[in-house]
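# A structural walkthrough
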Amino acid sequence: INAEYMGNPPTSYTQATMLQNYLASALILVILILVATTVHKVEEGHVAVYWRGGALLNTIAEPGYHIMVPLLTTFANVQVTLQTDMVTNIPCGTSGGVVIFFERVEVVNRLKKEHVYQTIKNYTLDYDKVWIFDKIHHELNQFCSLHTLQEVYTDLFDTVDERLVVALQETASSWAPGLEIISCRVTKPKIPESIRQNYEMMEAERTKLMIAIQNQKVVEKRAETAKKQAIIEAEKTLEVARITVAQTIRQKEAEKRLAEIDAEMLLEREKAFADAEFYAKKRETEANAARLTPEYLQNLRSEVLASLPKVFVGTTLDELWGVRQLPSTQQANTTKK
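So, here's what we can say about the structure. (Residues numbered from 1 in each chain as written. Predicted model: local features only at pLDDT ≥ 70, side-chain atom pairs only at ≥ 80, totals over all residues. Heavy atoms only, no water.)

## Here's the deal with the overall build of the chain
Summing up its helical and strand segments, the chain has 9 helices and 8 strands in all. The proportion of buried residues among the 337 residues of the chain is 20%. Taking as baseline every contact in the chain between residues at least 6 positions apart, the subset at least 24 positions apart corresponds to 66%. If you sum the accessible surface of the chain, you get close to 24,600 Å²; carbon and sulfur atoms cover 60% of it. (Helix = DSSP H or I, 4+ residues; strand = E, 2+ residues; numbered from the N terminus. Buried < 20%, exposed > 50% of the residue type's maximum accessible area, 1.4 Å probe, protein only. Contact = heavy atoms within 4.5 Å. Areas by Shrake-Rupley, 256 points an atom, 1.4 Å probe, with all protein chains shown as cover.)

Okay, structure coming up:
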């Protein structure tokens, strides 16, 4: 019997073994499900909010792995970094009754981490639908209804972005303080085809006009530049002439000064010569006056008489001494005798 059992185990034993295997597999599956529903991951740039039995818990989880009560608690990731919400196909009517479409409006916004709980509690996870998507529709329709197509499409289009940022931020500051509006980008609206063609023609003509104006400005600028260059050249020539004249004047003044110095030197030299000659004459006169004494005059007379030729008359040598030359008339008379 034992050998028979050893070769062919009973059916009840096989069924018990299979049941144990099924239970083990089921337990492992349950454990895996519990682990999968208990452990969850919060991505970087997000925080996790939790609901238990439909009620929002005031627990905010940071990025990383966390554990929650399975089946009873649910969670959701809420982004707290910059994000861009895109609103598309926004119809609006202008004050003239023309319906236009804004193809796309992009809103860069951020929900502050410290306001996540209150914002989600008040407006659920779709808070941006209330304060961004729906608000964009409202603001654009209000803007279009107050302005003409020309103003919306051309004149005031560059102010639409700023108007939206201001309007969204004012509303968010009052009702959802944690929502920060960074910027808005609005694409050019779509207008009816016939009107668009007219605008394209107007834009082409405006472009031609602007090109003509720019060409005129270029010509005026070139003329102004040429005028300034001519003025600069004239001023340069005038300045060179002034410098040359000033240099000539300084040279002439230097020559004049040199001539004056030469004249003064000559005058001083002539004056010195005249003074020297006058002094010599004066000294000579004084010397002559000092030596014209009777004795000097007698001596001078003797020298003069001695230097004159003498005529001797007589027959003997003794008669010749002391006889001086007679005047010419007297000499002639003596000769005749």
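## Looking at the packing of aromatic side chains
As enumerated under the stated definition, the model contains 3 aromatic pairs in all. Judged by centre distance (5.3 Å) and plane angle (90 degrees), the rings of Y123 and W131 are edge-to-face. For the pair Y123 and W131, one class covers both residues: buried. Look at W131 and W175: their rings are 6.3 Å apart centre to centre, the planes differ by 15 degrees, and that puts the pair in the stacked class. Here W131 is found in helix α4 (residues 127-145), whereas its partner W175 is found in helix α6 (residues 160-175), with 44 residues between them in sequence. Of the residues examined, W131 reaches a relative accessible area of 14% and is grouped as buried. Ring pairing ties together the aromatic residues Y123, W131 and W175, which thus form one cluster. Just above the ring of Y153 sits the side chain of K188; from NZ or CZ to the centre is 4.7 Å. (Phe/Tyr/Trp six-rings, centres within 6.5 Å; stacked < 30°, edge-to-face > 60°. Lys NZ or Arg CZ within 6 Å of the ring centre and 35° of its normal.)

## Concerning the sheet that holds strand β8 (residues 179-186)
Strands sit in the order β6-β7-β8 across an open sheet of 3 strands; the sheet is antiparallel. Looking at strand neighbours, the two that pair on one side only are β6 (83-93) and β8, the edges of this open sheet. On average, each strand axis in the sheet is tilted by 30 degrees relative to the strand beside it, whichever way the strands run. Bridge analysis of strand β7 (residues 99-111) against β8 gives 7 bridges, and the strand direction is antiparallel. If you follow L111 over to β8, its bridge partner there is L179. Contacts between α6 and the sheet are confined to β7 and β8, with β8 contributing the most and set at about 160 degrees to the helix. (Pairing = 2+ DSSP bridges. Axes fitted to C-alpha atoms, helices over the stretch in contact; angles between N-to-C directions.)

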